[in-house]
Structure formats: C-alpha cells, structure tokens
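Spelled out from the first residue to the last, the chains are:
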Amino acid sequence: MYGGGEEKYAKGALKLNNSKYEIDMCNGSIMDKLISFSLPLMLSGILQLAFNAVDIIVVGRFSGKQSLAAVGSTTALINVFTNLFIGISLGANVLAARHYAAGRDKEMSETVHTSITFALISGIAMAFIGVIFAKAALQLMDTPADVINLSTIYMRIYFLGMPFFMLYNYGAAILRAVGDTKRPLIFLIISGCVNAALNMILVIVFNLGVAGVAIGTVASQMMSCILVLICLCRSEGSYKLSLKKLTIKKAYLKPIFQVGIPAGIQSTVINFSNALLQSSVNSFGSIAMAGYTAANNVLGFLYMSVNAITQACMSFTSQNYSVGKYKRMNRVLIDCMILSVGVAGVLGGGAYIFGRQIMSIYTKSPDVIASGLEILAITTIPYFFCGIMDLFPGALRGMGYSFVPMVLSVIGTVGVRILWIFALFPHHRSLFFLFISYPASWIITIVMQVVCYWSVRKKVGREL
C-alpha cells in the first residue's frame, strides 16, 4: 500500500513526459487523457475479437456448423483455465504504475522482470494442463458427441500457444502501467493480420478446419509476444527489459498476487458460471450452440469496449493513489462512468437494432441466426450495467483493495447465475430466459460494489 504526499510525484513526473507513448495520469485534465488511454486499448480489444471473429466466420462458412459449434464450445472453458493468470497481470499493472509514478526506478525494473518471468513459467504450465485435460474438461461440460473430437483438437493446439499468450499480456500490462496503449495496438494489428491470412490459407486452401484456425491463432500469439518483448527490451528507463535479469523476487511477487490473484479468481469463477451456462446452452443442441457462439462474440465486442475504460480507471487510480492525489481519484471514477455508459449505450443499442444483419455475417443458417437473436435481445441494451459493475472493482484494485471486490463479484454474478440455472431455468427453458441472468446479476453486483467502494474511499480519505 502506498499513499500520502503529492511531493512523491516530483521525481516520477520528470519521466512521465520522456516518451510520446506515455501519459501523465497525475496532472492536468482527466477526460481527454482517459480517452487517449482507453481508445487504443478499446481498439486493441475490438481488433482482437475481430480477428477471432474471422476464425469463427471462416470456420462457420467453410467447415460447417459442427466446426463452428466446436470452436464456440471451448470459449468459456479456455477462459476458466486462463483467466486466473491473466488476472494476476492486473496486479503487475497496479504495482508497476505505483512505482513508475513515484519514481522508484529500481523497484519498477524488478517488478518488470519478476512479472515477465512469472508469465513465462505460468504459460508453460498452462500449455501442459490444457493439452492433457482438454477432452476430460469438455466431457464434464456435456459437449455433444458430434463436436467433442473437433473441440478437443482446437483446445489442444490453442493451449500450445499459452506461453506466447501470457508473455504478451504481461508485457502489455507493463506498457499500460506507464500509459502506453498505442504500441500494443500496433502489435495486435500486425499479429491479427497474420492470423487472418493463415485462417484463409489453412482452412480454405488446405481444408484443415478447426485445426487450421487454432494454428493460425497460435502463430499470431507468437508474433504479438515477440513484438511486445522487443518493445520492452528497446525501451529506455525503468521499464526496460533485459533477458539476463529475468528472475522472480518474492518481495514483488507478493503485492502482485495480493491484487492479481483475487482479480484472477473473480474472472475464473465468473467464467466457470459461464461454462455452466454453456452447458445449459449445449442442452439445446448444436444449432443453439452455434447461435450462442456468434452472439457471444458480439457481446465480446461490448465487453472489450467497456473493459478498456475499466483498465484506464485502474491505472489512473493506481498512479494517483501512489502520489497521494485522492480527490483526483474521485474525478477519475466519475469520468470513467460517463465514458462507460456512453460507449456501452451506443454499441449495445447498435447491436440490438442491427442484430439480424450482424448475425448473418457469422452464419447463413436461419435457425442459428434466430438462436443468436434470442440471446442478444436481452443482453445488449442493458450492457451499460456490466460496464458500471466492473468500474468499482477496477478503482478499488487501483488502491490495492482486491479481495472484498472479488468476493462481492462472485456472490453477485456467479451466485445469481447458478441460482438461475439450477432453480429457475428448468421451469422456463428458453435461451431468452436463460440469459436474463446476465442483467439481473449485473444490477445486484453494482449495489454491493458501490457500498464497498464508499466504505474504502472513506478509509482512504482518513489517510490524508
């Protein structure tokens, strides 16, 4: 925990202007800097999903609905396996942002090297886990027999790319900590083009189906990983990466875990509830599964957009908390809420109005389109609640408080969805009713997170 005294900012302020890619989060106007930070991150997430959508579109149009269902059936399960470690990267982001704003060069450097080393180790571990347990995990999710073999192939190849995936995410987290969201965007554009080109070649020309899509994804992850590591190695100053200095220091791993593990557990458990929901969708058969795959990809665009603002809220809060600018943190949260509601309202409304046209991009099947529209009808318009729900935990993590927001999010989202799936859904079996659990869980979680934030903010105010 760091706080107290704006004088701590003096040393760090000199470095914040050293690079055209960095953003001074602790001085000047806030809204324009939030937009400058969030927009490249938002575009990165949208482009990443767009390239993933190319996977889905190519496999759906050229390999059939079973292949489309196979790819879609792995999404929630992959997230369950990966999000714990991805969540820990948020801890690296928060700790790096604090050290950078306060001008602690040595601590910043050691945070970078500890984070990258941990990313490499965890990525290798995830590769082994995914390859070994892929089919067993899919069987636990009641994946239909007509797609389980294809799903297993996709998952095993996908997990072979986990070391690249983890290194990119942790490297990008370090860059975000200093306000650099532009270069990760450039890296994703390059790697995404590689992914799209390989999809066309491997699926359409060589007819490799889901295996071709997975190989293209792994190749693109390797490309983005190499680019972000080169960027860090060539950077000047405290966040420069030297491969000779790669190590894990417990003194830095502990605070990373304190923020990151609760965030990772929260994301993992929420995605576990989504995996349960996927099992419920699976019970409707491969047509509903394909519809959910397409609709879930659309919702992914909405999530990436509001999540970019959550990331901005966390980084800005962390830097201002580090230098004792507590009142500025309030303005950061308010401006982030304005941005999040506006972005979610525009994109969610657009997805609702043009739902049929959007779904027809993914598939030509009228039945699959109808299933997807049934899901979009209840989830798109109220999506701004999801954005607000994530902002409060983001602000709390920026201040170093991660455990209680995790508990509240698990209770509010997972608890409501499990209750919905096992108590209410069996009596009202439809995709529309199943997905009402989304806005219901968002609203309940917001109420609890607001109370938590108000309590913590009062405590932080007493530190002045």
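A brief structural summary. Note that this is a predicted model, so its numbers are computed, not measured. Throughout, a residue's number is its position along its own chain's written sequence, starting from 1. The predicted origin of the model limits local features to residues at a pLDDT of at least 70 and limits the giving and counting of side-chain atom pairs to 80 or more, whereas totals for whole chains, interfaces and linings rest on all residues. The side-chain figures draw on all heavy atoms in the structure; neither hydrogens nor water molecules are used.

Buried Ala, Val, Leu, Ile, Met, Phe, Trp, Tyr and Cys residues that are joined via side-chain atoms within 4.5 Å together make up what is termed a nonpolar core. With a 1.4 Å probe rolled over the protein chains alone, any residue whose accessible area is under 20% of its type maximum counts as buried; one over 50% counts as exposed, and the rest are partly exposed. In this structure, Tyr 239, Val 281, Met 399 and Phe 435 are the most contacted members of the largest nonpolar core, which totals 136 residues. Tallying contributions element by element places helix α11 (residues 286–322) first for this core, with 16 residues. In contact with Val 281, not counting residues within four places along its chain, are Ala 288, Met 289, Tyr 292, Leu 431, Leu 434 and Phe 435. Of all hydrophobic cores here, the second largest spans five residues; its members include Leu 90, Val 94, Ala 263 and Met 314. The helix count covers DSSP runs of H or I at least four residues long, the strand count covers runs of E at least two residues long, and both are numbered beginning at the N terminus. The criterion used for residue contact is that any of the two residues' heavy atoms lie within 4.5 Å.

What follows covers unusual backbone geometry. A positive phi is found at Asn 207, a non-glycine position, where the angle reads about 55°. Within the secondary structure, Asn 207 is located in the loop between α8 (182–205) and α9 (210–234). A residue is classified by how much of its surface remains accessible, and Asn 207, at 60% relative accessible area, is exposed.

Once that is clear, we can look at helix α16 (residues 403–424). Under the 1.5 Å per step criterion, the end-to-end length of α16 is 30 Å for 22 residues, consistent within 8% with the ideal 32 Å. Burial in α16 covers these residues: Pro 405, Met 406, Leu 408, Ser 409, Gly 412, Thr 413, Val 414, Val 416, Arg 417, Trp 420 and Ile 421. Expected span, for any helix, means 1.5 Å times one less than how many residues it has.

Aromatic contacts are taken between Phe, Tyr and Trp rings whose centres are within 6.5 Å, Trp giving its six-membered ring; a plane angle under 30 degrees counts as stacked, one over 60 as edge-to-face, and the others as tilted. Enumeration over the complete set of coordinates arrives at 15 aromatic pairs. Aromatic pair Tyr 438 and Trp 442: ring centres 5.9 Å apart, planes at 50°, arrangement tilted. Taken together, the positions of Tyr 438 and Trp 442, both in helix α18 (residues 437–461) and four residues apart, correspond to about one turn of that helix. In terms of burial, Tyr 438 and Trp 442 fall into one category: buried. Of the aromatic side chains, those joined through ring pairs into one cluster are Tyr 292, Tyr 383, Phe 435, Tyr 438 and Trp 442. Only lysine NZ and arginine CZ atoms are considered, and such an atom sits over a ring when it is within 6 Å of the ring centre and within 35 degrees of the ring normal. Stacked on the ring of Tyr 438, the Lys or Arg Arg 417 has its end atom at 4.4 Å from the ring centre. Between the NZ or CZ atom of Arg 429 and the centre of the ring of Phe 284, over which it lies, the distance is 4.7 Å.

This part covers the pattern of salt bridges. By convention in these notes, a salt bridge is any Lys or Arg side-chain nitrogen within 4 Å of a carboxyl oxygen on Asp or Glu. Summed over all chains, the structure comprises four salt bridges. Put simply, Glu 110 and Lys 106 hold a salt bridge, and the shortest N to O gap is 3.2 Å. With Glu 110 and Lys 106 both in helix α5 (residues 105–140) and four residues apart, this pair spans about one turn of that helix. For Lys 106, a relative accessible area of 56% corresponds to the exposed category. The closest approach of N and O atoms between Arg 331 and Asp 335, which form a salt bridge, is 2.6 Å. A residue pair is termed a helical-turn pair when its members lie 3 or 4 positions apart in one helix, as Arg 331 and Asp 335 do in helix α12 (residues 326–353) at four residues. The class for Arg 331 is partly exposed, based on a relative accessible area of 39%. Residue classification places Asp 335 among the buried residues on the basis of a relative accessible area of 5%. Connected via shared salt-bridge partners are Lys 106, Glu 110 and Lys 249.

Below, the discussion takes up the side chain of Thr 181. Mapped onto the elements, Thr 181 comes out in the loop between α7 (162–177) and α8. On the basis of relative accessible area, Thr 181 is assigned to the buried category, the value being 1%. Among the polar contacts listed, one links the side chain of Thr 181 to the backbone oxygen of Phe 37, at a separation of 2.9 Å. Filtering out sequence-adjacent residues up to four positions away, Thr 181 remains in contact with Ser 36, Phe 37, Pro 40, Leu 41, Ser 44 and Arg 176. Distance and chemistry together define a polar contact, namely a pair of N or O atoms within 3.5 Å, with one atom able to donate a hydrogen and the other to accept it when in protein, and with adjacent residues in sequence counting only for side-chain atoms on both sides.

Keep in mind these numbers describe shape, not what the thing actually does.
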